Amino acid sequence: MRPPRPRHGTSVLHVPAAPAAAALLLALVTSGAMPWSPPVEAASPRYPSFTRPLIIPKVRSGSAVTLRAKLADVQILPGRKTRMWTYDGTFPGPTIRQRTGRTTTVTLVNDLPAAAGSLTLHNHGNHSASASDGQPDAYLAEPGGGSTAYTYTGTEDGGNERGAFQWYHDHRMDVTGRNVWMGLAGMYIIDDPADPQTLPKGAFDVPLMVVDRSFDAGNQLRYAFDRDGVTGDVTLVNGVPQPYLAVADRRYRLRILNASNARSYTFALSDGMSFLQIGTDSGLLPAPVRRTRITLAPAERAEVVVDFAGKLGKRVVLRDLAADGPQRSVLQFRVTRHVRDDSSVPATLRPLPVLDDAPAAERTFSFGQARLTGRWTINDRGFDPMRVDASPRLGTTELWTFVNDSGAPHVVHVHGTDQLLVSRDGRPPAPYEAMKESWPLGIGETITVKLKLTDNLGTFMLHCHILEHEDAAMMAQYEVVP
Ligand code: C2O
Ligand code: CU
Ligand code: CU
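Residues numbered from 1 in each chain as written. Chains lettered and ligands numbered in written order. Predicted model: local features only at pLDDT ≥ 70, side-chain atom pairs only at ≥ 80, totals over all residues. Heavy atoms only, no water.

**Looking at the environment of Thr-107**
Heads up, the rule is: Helix and strand labels come from DSSP, where a helix needs a run of H or I of at least four residues and a strand needs a run of E of at least two; each type is numbered from the N terminus. In what follows, residue pairs with any heavy atoms lying within 4.5 Å of each other are defined as contacts.
One can find Thr-107 in strand β5 (residues 104-110). Considering only alpha carbons, one finds Thr-107 and Phe-204, 97 residues apart in sequence, at a separation of 30 Å. If sequence neighbours within four positions are ignored, Thr-107 has contacts with Val-65, Thr-66, Leu-67, Ser-147, Thr-148 and Ala-149.

Quick look at the structure:
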């Protein structure tokens, strides 16, 4: 049963409105910070490029995982460590990895200082019950060691959940942007025996969480809430600025997650190399797609295979073509050893689920901005946890249309289930966005998706995944009804 929801802004546990919280945080973490000017790529007094190895977050498997939210001093930049809000002392938090069809209970313990407020945990991309979905104002882990358990069954619509590269992060109402910026994010991999088993695995399967952050002169995180979105001037991969990775001359599976609050990346490889995209937010594609550039908006993922065969002794850089200066260089691969490659990428990977029942309902969600207040809205309203914005019926298929009628790009994320793209601006979907759950929606664009809500009754969110838009109320909720 769902506990009664406090009204927005009236609960004693309620965290101050985002701008106030951000100001408080700024006062806590910085004093007289000078804006930092980015170093040149070749040599920088702040952090020379490609001098630190990539870190692979530790992996947790098994049916019971505890994540302790706590302060930790993390070595991000050279010199003084950065005080962060972490899961288990690292940034990113541990990678949770589980085989599909198995139940995993993740217990979140809140050991952060009381100023951080209550926390909630969302498994982004998962098909979770409402009570385990990371509700913004219920099922919270209270400060002072409070805990909440979230259960993921690994099943969907009578079968196993599809293998996917997901992630988990805080989702507290009004302060998700601050909490994620401070470090509350980690990766979550569902392994699926129904996926082809010849793809690169083990040490050749590398998850990459890409974020941007800003630091003050004392290496501490700076966060000043801006409802247009907060971006940083240092790009981190798995928490390391511009790292390198020594690789063998063979195929690698790279799972790339954009976990930034508001920044989009356009990834490309140097040395004439390209990506073979095999997956999206929602697991494997029907067939691999060759791409030279991949743009990822916040919360989007791309799984790619990159083949370093014939590149022994070379260096290949993963670049962000959307950035200038040092932020253009994201990660350097150093091809340092020769091995025999036993992996392969089949010509077909995984068929899409078939949703061919006649749609039981069609809905439109329009992403806009209130003219007078500047507040972000969905269908002209800001988020209200006491209001249900749509009530789809369990087990039926619906068509949802998302319209961007504001002056800024958005990223539409629907909780609860994957969606099939029907059309983007009236055109059939590109092969690499046939099925996802986080959709970039440019100014003036319209997309229509098809979805089927199974297994779980109750409320789920849909929102813009530019986290400051979300915190500034660009969120709605739907309730699945019998
Ligand atoms: Cu990644 Cu509603 O969240
Ligand atoms: Cu989500
Ligand atoms: Cu938005």
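**Topic: the coordination of the copper ion (ligand 3)**
Short version of the rule: Any nitrogen, oxygen or sulfur atom within 2.8 Å of a metal ion counts as a donor, with the limit raised to 3.2 Å for Na, K and Ca, and since water is left out, coordination shells can look unfinished. Any residue under 20% of the maximum accessible area for its type is buried, any over 50% is exposed, and the rest in between are partly exposed; the area is computed with a 1.4 Å probe on protein chains only.
Around the copper ion (ligand 3), the protein contributes the donor atoms His-410 (ND1), Cys-464 (SG) and His-469 (ND1), which lie 2.0 to 2.1 Å from the metal centre. For the copper ion (ligand 3), the donor residues sit on a single chain with the sequence spacing H-x53-C-x4-H. Of the two residues, His-410 sits in strand β27 (residues 410-414) while Cys-464 sits in strand β32 (residues 458-464), which places them 54 residues apart along the sequence. Of the two residues, His-410 and Cys-464, neither departs from the other in class, the shared state being buried.

**Here's the deal with the sheet that holds strand β25 (residues 376-378)**
Test applied: Criterion used throughout: strands pair if DSSP finds at least two bridges between them.
Spatially, β25-β24-β26-β31-β28-β29 is the arrangement adopted by the six strands of the open sheet, whose pairing is mixed. Strands at the two margins of the open sheet, each flanked by one partner only, are β25 and β29 (435-436). When strand β28 (residues 419-424) meets β29, the two strands line up antiparallel, connected through two bridges. Bridge pairing links Leu-420 to Met-435 in β29.

**Observations regarding the domain arrangement of the protein chain**
Selection criterion: Domain delimitation in this document rests on an assignment produced automatically or drawn from a domain database. When two components associate, each loses some accessible surface as probed by a 1.4 Å sphere; the sum of these losses over both components is called the buried area. Definition used for salt bridges: Asp or Glu carboxyl oxygen within 4 Å of a side-chain nitrogen of Lys or Arg. Here a polar contact is recorded for every N or O atom pair within 3.5 Å, except that within protein the pair must consist of a potential hydrogen donor and a potential acceptor, and residues adjacent in sequence are included only if both atoms are side-chain atoms.
On domain assignment, one finds that the protein chain holds domain 1 (18-39 + 52-191), domain 2 (202-337) and domain 3 (361-480). The centre of domain 1, based on its C-alpha atoms, is set 23 Å off from the matching centre of domain 3. Contacts between the two partners involve 30 residues from domain 1 and, on the opposite side, 26 residues from domain 3. Summing both sides of the interface, domain 1 and domain 3 together bury roughly 2,000 Å²; the carbon and sulfur share of this comes to 49%. Linking domain 1 with domain 3 are one salt bridge. For Lys-452, the salt bridge goes to Asp-157, with nearest N and O atoms at 3.4 Å. In this assembly, domain 1 and domain 3 are joined by 22 residue pairs in polar contact (both at pLDDT 80 or more). Elements with a contribution of two residues or more to the side of domain 1 that touches domain 3: β6 (121-124), β8 (155-156), β10 (164-170) and α2 (176-181).

**Thoughts on the pairing of strand β16 (residues 251-258)**
β16 sits mainly inside the fold: seven of its eight residues count as buried. Relative to strand β21 (residues 301-307), β16 is paired through seven bridges, and the arrangement is antiparallel. Its bridge partner being in β21, Tyr-252 is matched across the sheet by Val-306.

**A few points about the coordination of the copper ion (ligand 2)**
Six octahedral donors around a metal ideally make angles of 90 or 180 degrees; four tetrahedral donors ideally make 109.5 degrees. Only His-122 (NE2) and His-413 (NE2) from the protein coordinate the copper ion (ligand 2), and they sit 1.9 Å from it. Linking His-122 in strand β6 with His-413 in strand β27, this pair joins segments that are 291 residues apart in sequence. Residue His-122 is classed as buried on the basis of its relative accessible area of 1%.

**Topic: the packing of aromatic side chains**
Each aromatic ring pair is characterised by the separation of its centres together with the angle its planes make. Quick reminder of the rule: Put simply, two rings from Phe, Tyr or Trp (the six-membered ring, in Trp's case) pair if the centres are within 6.5 Å, and we call them stacked under 30 degrees between planes, edge-to-face over 60, tilted for the rest.
Counted by the stated rule, this structure contains 12 aromatic pairs. Arranged with centres 5.4 Å apart and planes meeting at 75 degrees, the rings of Phe-204 and Tyr-252 form a pair that is edge-to-face. With Phe-204 in the loop between β11 (185-191) and β12 (205-213) and Tyr-252 in strand β16, this residue pair connects regions lying 48 residues apart in the sequence. Phe-204 sits in the buried class, given a relative accessible area of 19%. An angle of 80 degrees between the planes, with centres 6.2 Å apart, marks the rings of Phe-367 and Phe-402 as edge-to-face. Highlighted residues: Phe-367 in strand β24 (residues 361-369) and Phe-402 in strand β26 (residues 397-404), separated in sequence by 35 residues. You can call Phe-367 buried: its relative accessible area is 0%. A residue is classified by how much of its surface remains accessible, and Phe-402, at 0% relative accessible area, is buried. Following the ring pairs from residue to residue traces out a cluster consisting of Phe-365, Phe-367, Trp-400, Phe-402, Phe-460 and Tyr-478.

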